[in-house]
There are 2 protein chains.
Amino acid sequence: MTHTRIPHLHALVLAGGSGTRFWPLSRELSPKQFVSIFGGVSLITRAVTRITPYAENGGVHVLTNERLLDELRNHLKSQPGLEGCEIEYLAEPTPRNTAPAIALAAAYLAQLDPDAIMVVLPSDHLLEDGERWERVLRSAVLLAEQGRLVTLGLTPHRPETGYGYIRAGAPIVGGADGAGPLGFEVAAFVEKPDRETAERFLAEGGYLWNSGMLVARASVVLAELAAAGARAATLESAPSAEIALVASKVAAEAPALWTKELAREWFSTLPSVPFDKAVLEVSEVVAVVPADLDWSDVGSLLALEQISPADERGNVFSGHVVDIGSEGSIVYSADRLVATIGLKDLIVVDTPDATLVAPKDRAQDVRLVVDALRAADAPEIIETRSSLRPWGSWTRLTKGPGFQVKTIDVLPGQRLSLQSHQHRSEHWIVVEGHARITRAAEVFDVGPNESAYIPRGFVHRLENIGDVLLRVVEVAVGEDLSEGDITRYEDDWAR
Amino acid sequence: MTHTRIPHLHALVLAGGSGTRFWPLSRELSPKQFVSIFGGVSLITRAVTRITPYAENGGVHVLTNERLLDELRNHLKSQPGLEGCEIEYLAEPTPRNTAPAIALAAAYLAQLDPDAIMVVLPSDHLLEDGERWERVLRSAVLLAEQGRLVTLGLTPHRPETGYGYIRAGAPIVGGADGAGPLGFEVAAFVEKPDRETAERFLAEGGYLWNSGMLVARASVVLAELAAAGARAATLESAPSAEIALVASKVAAEAPALWTKELAREWFSTLPSVPFDKAVLEVSEVVAVVPADLDWSDVGSLLALEQISPADERGNVFSGHVVDIGSEGSIVYSADRLVATIGLKDLIVVDTPDATLVAPKDRAQDVRLVVDALRAADAPEIIETRSSLRPWGSWTRLTKGPGFQVKTIDVLPGQRLSLQSHQHRSEHWIVVEGHARITRAAEVFDVGPNESAYIPRGFVHRLENIGDVLLRVVEVAVGEDLSEGDITRYEDDWAR
């Protein structure tokens with residue numbers, strides 16, 4: 001399929017996220033959108049790939065928070081199929097839910113291109129690609145060009161109680177001759193229903209799942225924010241106009257300044273409010289385009305059922321699993337052997353540093369585990385044993401008394417900061433690729449099956465001078481092995 | 001408490017075992033008796049510690065099979081409290097259940113000491129130590145001195161259906177004046193009962209659990225084997241006399257020859273039959289000494305309940321466990337975080353390379369998992385990521401394309417074989433202790449935070465010359481990293 005780019009189309013991929021509902025597969029520094037278990041690539045890679053063919057050149061923008069910026073940049077850089085894709089990374093000054101985030105992006109895009117049409121895509125959903133998606137997108141764009149705020153509403157095929165619904169109103173015509181309506185007015189936004197209500201919605205028809213996807217002119221987003229503020233001006237809590245104002249003020253600065261003190265100060269005065277609440281529910285130009293696409297918000301570990309078809313007993317197994325007679329269960333293993341016997345409607349998720357076992361109907365309570373772990377300052381909620389870095393990643397293999405072993409992967413052309421450690425020496429063994437090592441006044445190259453020793457206190461740097469991955473096994477020896485024992489003298493990422 | 005040694009007392013600790021019922025905590029090369037989760041030391045260490053104070057000097061004999069001999073020797077050597085304990089290791093020619101094993105040991109011990117009294121102890125049970133144990137043992141020895149085959153029968157406190165029972169008959173007097181009987185005649189051996197029958201046994205009294213522990217003169221064991229054979233001589237299947245004969249023939253050879261071809265050939269003709277069936281059930285000199293001791297045969301993972309007291313919801317948690325509202329469950333974690341939510345009567349066992357999840361009432365079905373794994377040639381049934389060696393142990397940290405990382409622990413004074421590898425080079429970093437390294441014609445010493453490189457093809461050896469543990473991180477680089485790529489030139493264990 002060849003795609004035609006859509007003039008003025010800009011993608012805004014929303015990539016914040018706290019990583020609690022999908023634990024232990026997601027972590028604070030590796031939230032849901034990084035999870036690569038569906039079809040082998042991460043959810044955010046799928047989101048970016050989904051919109052890139054239609055966007056303007058240079059029109060793919062990823063909005064995240066400062067904490068995730070490096071992780072995200074490096075993650076997408078390493079994903080297959082995105083090598084040639086030019087992505088702009090934006091960090092919001094401080095996390096403030098979707099209304100301030102979308103407002104900021106709208107103000108920024110309107111500056112870049114007064115005719116910009118923005119497609120707001122969550123980065124952590126599953127969505128069907130292909131022709132049906134393209135048709136939905138093009139209908140939404142046509143309505144957006146008419147000045148509408150266009151939401152995408154998924155056609156429900158089950159009485160789901162976990163999503164909000166949109167009740168479609170009158171049809172909006174305007175497509176090609178003889179084609180159906182482009183979309184519908186929005187009669188109402190409906191909160192997550194109970195089971196009975198959800199069944200009624202499904203039977204009656206005309207209800208769609210609220211996907212959180214939005215297509216609109218950037219200028220219309222800003223105008224509607226202002227209008228929503230004006231309309232609600234009698235209410236003390238009406239924040240929309242202020243959101244538009246502050247967003248425009250921040251957007252007038254270069255994106256690199258958004259996370260500096262001033263912008264952060266401005267932004268932190270804004271209320272944490274979703275765009276749906278602040279704008280869509282009160283706007284008079286909202287439309288909905290029905291989308292009959294496979295979709296999931298990957299809202300809990302139950303989404304693991306979508307990894308592969310269930311067996312005849314209703315089980316979904318992924319990874320190295322040996323089962324004796326379980327039913328209706330989800331068993332996911334990242335790398336180790338998981339053996340299960342006679343489970344019923346259970347979820348087992350096994351990762352290199354943490355395992356979760358829970359009944360399927362308690363999947364939402366993973367947040368209770370995360371709360372307990374956070375209260376105990378457990379490292380398992382922050383990150384896995386691996387850590388993404390702007391230059392690549394490292395994985396801790398073991399930590400014993402007085403020593404620690406890691407593998408360090410450095411991307412082609414990248415290098416770590418020029419640094420030293422007060423309390424540990426490091427032995428580096430290159431097992432793949434070619435390294436250039438700086439050690440005090442020396443600079444020398446080290447190839448596969450060669451090693452180098454960095455004594456405690458020596459200023460040093462590791463660089464990948466090859467055009468493939470550099471993989472080093474590092475054995476650190478010393479009393480204090482914490483990540484905090486590092487002095488940086490020079491850094492490509494100004495850390 | 002000071003103990004008086006009992007003259008002529010020899011302990012025979014039975015330490016074969018296939019490691020299936022306690023998987024993933026036990027493995028083929030690390031069966032149940034190696035498991036160190038109860039009170040921090042292994043079951044076999046507890047067995048040896050339990051009998052050593054009463055045995056003759058040099059009177060502790062451990063009988064195992066050839067495959068486990070090295071593992072066992074090294075395991076016991078490394079256990080706390082056994083440093084000064086002189087243990088004789090015996091390997092049976094080929095595994096043939098307890099009748100041939102006990103016969104062989106009896107023949108051997110009768111040779112060493114015609115008055116030998118043997119105490120046969122399983123190595124994989126939990127048993128209360130202390131004064132009550134000593135009293136039971138001394139009563140049994142008095143009866144054994146009178147020519148009895150003395151079994152120990154545990155007083156039941158619940159209607160257990162998983163054990164065989166012994167019905168006690170007439171009391172046998174002979175203790176100190178005014179003391180109760182030393183033991184009882186055996187009225188009957190009873191197979192594992194159903195629930196109702198077990199409840200009746202408990203209500204009626206006079207029934208004891210058959211523990212598999214035996215105290216008898218070695219000469220009486222041999223005589224009763226012969227007699228049992230004679231008594232059953234009209235039956236084609238009566239094997240006891242032949243067992244006694246072959247056992248005596250093997251025992252006439254030095255133990256080092258038992259696993260050589262000739263003895264193996266003799267032994268392999270014997271039927272695989274338990275001592276209970278072959279002798280006790282037909283002998284006329286059997287007695288039982290009631291033992292009111294805490295005891296468990298650790299017959300399934302349910303024994304994990306004995307690691308620690310249950311919480312108020314009936315859960316037993318061990319290791320790094322975070323739980324939200326489970327009931328009646330057992331959660332054991334060796335080193336990683338395990339999070340559980342709302343489990344009911346489930347077992348979760350998490351080890352470095354395998355996790356098991358099963359309902360408590362399916363605990364016995366672990367053998368089905370082991371069968372499935374064996375059929376698939378899965379390494380997880382053979383051993384963990386760690387492997388005991390006569391000189392210490394190693395643990396695999398990771399294996400990637402073209403490299404592998406291990407930690408190698410060498411016990412004080414020990415050394416690996418003089419060896420070479422055709423396909424891999426090795427980088428050794430000493431992180432603890434002091435090594436002497438042989439590399440082709442060189443011999444040099446390497447201390448903590450120092451390293452050495454062993455190029456592919458070089459003959460080399462690693463030795464611990466200190467008096468504490470030597471720990472080395474080994475990074476191997478090469479295309480073929482299998483354990484099979486090793487040529488041994490000289491080995492302290494003649495491998």
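Scanning all chains against the criterion turns up twelve aromatic pairs over all chains. Look at Y163 of chain A and W209 of chain A: their rings are 5.0 Å apart centre to centre, the planes differ by 70°, and that puts the pair in the edge-to-face class. Separated by 46 residues along the polypeptide, Y163 of chain A in the loop between β6 (149-154) and β7 (165-172) and W209 of chain A in strand β9 (residues 207-217) bring together distant segments of the chain. Assigned by exposure class, Y163 of chain A and W209 of chain A land together as buried. Aromatic side chains W209 of chain B and W295 of chain B sit 6.3 Å apart centroid to centroid with 40° between the ring planes, which places their arrangement in the tilted category.

So, about the confidence of the model for chain A. Scored by pLDDT, chain A has a mean of 91; 96% of the residues are at 70 or more. In the predicted complex, the global pTM is 0.86; the interface-specific ipTM is 0.85.

Once that is clear, we can look at the interface of chain A and chain B. Put simply, an interface is often sized by how much accessible area is lost when its parts join up. At the junction of the two partners, chain A supplies 51 residues and chain B supplies 51 residues. Here chain A packs against chain B, burying approximately 4,100 Å² in sum over the two surfaces, 68% of which is carbon and sulfur. Our count for the contact surface shared by chain A and chain B stands at two salt bridges. The partner of R336 of chain A in a salt bridge is D350 of chain B, with the nearest N and O atoms 3.6 Å apart. Grouping the amino acids of the side of chain A that touches chain B by side-chain chemistry returns 31 nonpolar, eleven polar and nine charged. The sheet contact formed by strand β15 (residues 337-341) of chain A and strand β17 (residues 354-359) of chain B spans four bridges and is parallel. Residue V338 of chain A lies in a different strand from β17 of chain B, and its bridge partner there is T355 of chain B.

The next thing to look at is the relation of the copies chain A and chain B. Mapping chain A onto chain B leaves a residual RMSD of 0.1 Å; the transformation is a rotation of 180° accompanied by 0.0 Å of translation along its axis. Here the two chains are linked by the operation of a two-fold rotation axis. Of the C-alpha atoms belonging to chain A, the one lying closest to the rotation axis is found on L397 of chain A, 3.0 Å away. Here 100% of the contact residues of chain A are again contact residues in chain B; the copies associate through an equivalent surface.

To continue, consider helix α8 (residues 261-268) of chain A. All names here are of chain A. The set of residues buried in α8 consists of A263, W266 and F267. Seen along its axis, α8 keeps its buried residues to an arc of 95°; they face one direction. The secondary structure elements touched by the buried residues of α8 are α3 (98-112) and α7 (240-251).

Next up on the list: the nonpolar core. All names here are of chain B. Core analysis: the biggest nonpolar cluster contains 47 residues, and M118, L149, V221, L225, V250 and F275 have the highest contact counts within it. The dominant element in this core, judged by the number of residues it contributes, is helix α3 (residues 98-112), at eleven residues. Excluding its chain neighbours within four sequence positions, the residues that come into contact with V250 are P93, L104, W258, A263, W266 and F267.

Turning our eyes to something else, we now look at the pairing of β9 of chain A. Residues and elements named next belong to chain A. Counting buried positions over the eleven residues of β9 gives nine, a clear majority of the element. Here four bridges tie strand β4 (residues 117-122) to β9, and the two strands are oriented antiparallel to one another. Bridging from a neighbouring strand, I117 pairs with R217 of β9. Sheet analysis places β6 next to β9, joined by four bridges and oriented antiparallel. The partner of L154 across the bridge, within β9, is W209. Judged from the three bridges that link them, β7 and β9 form a sheet pairing that is antiparallel. Bridge pairing links I166 to L208 in β9.

Cut-offs applied
Residues numbered from 1 in each chain as written. Chains lettered and ligands numbered in written order. Predicted model: local features only at pLDDT ≥ 70, side-chain atom pairs only at ≥ 80, totals over all residues. Heavy atoms only, no water. Phe/Tyr/Trp six-rings, centres within 6.5 Å; stacked < 30°, edge-to-face > 60°. Helix = DSSP H or I, 4+ residues; strand = E, 2+ residues; numbered from the N terminus. Buried < 20%, exposed > 50% of the residue type's maximum accessible area, 1.4 Å probe, protein only. pLDDT = per-residue confidence, 0-100. Contact = heavy atoms within 4.5 Å. Buried area = accessible area lost by both parts, 1.4 Å probe. Salt bridge = Lys/Arg side-chain N within 4 Å of Asp/Glu carboxyl O. Nonpolar A, V, L, I, M, F, W, Y, C, P; charged D, E, K, R; others polar. Pairing = 2+ DSSP bridges. Least-squares fit on C-alpha atoms with pLDDT ≥ 70 in both. Arc of directions from axis to C-beta. Core = buried A, V, L, I, M, F, W, Y, C linked by side-chain atoms within 4.5 Å.

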